[in-house]
Amino acid sequence: MRKLFLSAAVAACVLAGPTAAPAFQPTPPAAGELGVTEGERTAFRTGMIASGGAMVSAIIKRYPTEYRAFETSIIADFKAGRVDIATAQARAGEFFGLLGDRMMTDVQRAPDADLRALVAAQVATLKTFSVTNARACQEFGENGQISTATAVAAKDSIIPAMNDYVAVQLATADAGARAKVRRAKLADAEMDLILKEFLRRGGSQVWLDGAGTGDFGDLTVADRCQASILLLESVLAQPPATVGRFMGPD
């Protein structure tokens, strides 16, 4: 169950590409991969960062080779009429999600204190979402990311809080890349204490069962949002080493 709550570097704010669409008007052939000009790259990248914020900017800097290949293919396909804006958004979400998974390897190797700070940042983000967009809260709490459809619909209500969270996550990834902490698996007894604390705080057994089966009964999106917050708060109530093992790799 705990894997539901490992916070990948989300593709939540991958809403970009469309903002740069005016740059994709046909232009004379130019040097560069697949005829993509530097001006088109600049316009596209500016739109990506404007829409996706800190996470997109950091991914571009962290994985320049992978990003350039993605950028080239999207611009070339858009110019050739092989993709529309909706398809470009979906491909962007998939691309940033994959790189986010790679970044999680570094996140999970961070020291206990950094991982505790990351969980606290996710709680803060979820509490903001619980007010601004319950669906985003539910998805981020249970899956560690937000679907492209929800992100597009919720854009203005989630980006500020998500950018704050991503800043903490990136710092955690950097700490993990340096520290490369190795951990034992989270013990069953430790997980039992987390769940006991969750129930003590009024958490839903139906929600816990649903985390394993996918059947959340008649719980609303708002109920599931609050349950995610309660679980992570229950994690934060544990010793730092337990928090680290909860967030660390199995």
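The present account deals with the structure reproduced in this document. (Residues numbered from 1 in each chain as written. Predicted model: local features only at pLDDT ≥ 70, side-chain atom pairs only at ≥ 80, totals over all residues. Heavy atoms only, no water.)

1. Side note on the overall build of the protein
Okay, so step 1: The number of helices and strands found in the protein is 11 helices and zero strands.
Okay, so step 2: Looking at the protein as a whole, 51% of its 250 residues qualify as buried.
Okay, so step 3: For the protein, the accessible area works out to roughly 11000 Å², and carbon and sulfur atoms hold 56% of it. (Helix = DSSP H or I, 4+ residues; strand = E, 2+ residues; numbered from the N terminus. Buried < 20%, exposed > 50% of the residue type's maximum accessible area, 1.4 Å probe, protein only. Areas by Shrake-Rupley, 256 points an atom, 1.4 Å probe, with all protein chains shown as cover.)

2. What to know about the side chain of arginine 224
Okay, so step 1: Note on placement: arginine 224 falls in helix H10 (residues 221-236).
Okay, so step 2: Residue classification places arginine 224 among the buried positions, given a relative accessible area of 17%.
Okay, so step 3: In this view, arginine 224 contacts Gln138, Glu142, Trp207, Phe216 and Leu219; residues no more than four positions away in its chain are not counted. (Contact = heavy atoms within 4.5 Å.)

3. Section: the side chain of glutamine 238
Okay, so step 1: Mapped onto the fold, glutamine 238 is located in the loop between H10 and helix H11 (240-247).
Okay, so step 2: Within the structure, glutamine 238 has its side chain in polar contact with the backbone oxygen of serine 234 (distance 3.0 Å).
Okay, so step 3: Leave out the neighbours within four places in its chain, and glutamine 238 touches Leu193, Ile194, Glu197 and Val243. (Polar contact = N/O pair within 3.5 Å; in protein donor to acceptor, adjacent residues only side chain to side chain.)

4. Regarding the nonpolar core
Note on soluble globular proteins: their nonpolar side chains tend to be buried together.
Okay, so step 1: In terms of nonpolar packing, the biggest core is built from 63 residues, with Tyr67, Phe70, Phe96, Phe129, Ile146, Trp207 and Phe246 touching the most fellow members.
Okay, so step 2: Ranked by the residues each element gives to this core, the list is headed by helix H7 (residues 148-179), at 10 residues. (Core = buried A, V, L, I, M, F, W, Y, C linked by side-chain atoms within 4.5 Å.)

5. Looking at helix H5 (residues 112-132)
Okay, so step 1: Here H5 spans 30 Å end to end across 21 residues, near enough to the 30 Å set by a 1.5 Å rise per residue.
Okay, so step 2: Those residues of H5 not exposed but buried are Leu115, Leu118, Val119, Ala121, Gln122, Val123, Thr125, Leu126 and Phe129.
Okay, so step 3: In this fold, the buried residues of H5 make contact with helix H4 (85-107), helix H6 (134-143), H7, H10 and H11. (Expected span 1.5 Å × (residues − 1).)

6. Observations concerning the packing of helix H3 (residues 64-79) against H4
Okay, so step 1: Orientation of H3 relative to H4, taken along the N-to-C sense of each, is 170°, at an axis distance of 11 Å. The angle between H3 and H4 falls in the class roughly antiparallel. Between H3, through Glu66, Tyr67, Phe70, Ser73, Ile74, Asp77 and Phe78, and H4, the contact on the second element is made entirely by Ile85, Ala88, Arg91, Ala92, Phe95, Phe96, Leu99 and Arg102.
Okay, so step 2: Looking at the contact of H3 with H4, its residues break down into 10 nonpolar, one polar and four charged. (Axes fitted to C-alpha atoms, helices over the stretch in contact; angles between N-to-C directions. Parallel < 35°, antiparallel > 145°, perpendicular 65-115°, else oblique. Nonpolar A, V, L, I, M, F, W, Y, C, P; charged D, E, K, R; others polar.)

7. Let's talk about the packing of helix H8 (residues 188-200) against helix H9 (residues 205-213)
Okay, so step 1: Between H8 and H9, the least distance of the axes is 10 Å, while the angle of their chain directions is 140°. With respect to each other, H8 and H9 are oriented oblique. Contacts from Leu195, Phe198 and Leu199 in H8 reach Gln205, Trp207 and Leu208 in H9.
Okay, so step 2: When the residues that make up the contact of H8 with H9 are grouped by side-chain class, the tally is five nonpolar, one polar and no charged.

8. Examining the pattern of salt bridges
When their charged atoms lie close together, side chains carrying opposite charge are able to pair.
Okay, so step 1: Applying the stated criterion across every chain yields a total of 17 salt bridges.
Okay, so step 2: Residue aspartate 106 is joined to arginine 62 by a salt bridge in which the shortest nitrogen-to-oxygen separation is 3.2 Å. Note that aspartate 106 is positioned in helix H4 and arginine 62 in helix H2 (residues 54-62), a separation of 44 residues in sequence.
Okay, so step 3: We classify aspartate 106 as partly exposed; its relative accessible area is 23%.
Okay, so step 4: Given the relative accessible area of 26%, arginine 62 is considered partly exposed.
Okay, so step 5: For glutamate 190, the salt bridge identified is with arginine 245, shortest N-O distance 2.6 Å. Of this pair, glutamate 190 sits in helix H8 while arginine 245 sits in helix H11, placing them 55 residues apart in sequence.
Okay, so step 6: Take glutamate 190: its relative accessible area is 12%, and that puts it in the buried class.
Okay, so step 7: Here arginine 245 falls in the partly exposed class, since its relative accessible area comes to 24%.
Okay, so step 8: Bridged by salt links that share partners, the residues Glu38, Arg41, Arg45, Arg68 and Glu71 form one connected network. (Salt bridge = Lys/Arg side-chain N within 4 Å of Asp/Glu carboxyl O.)

Keep in mind these numbers describe shape, not what the thing actually does.
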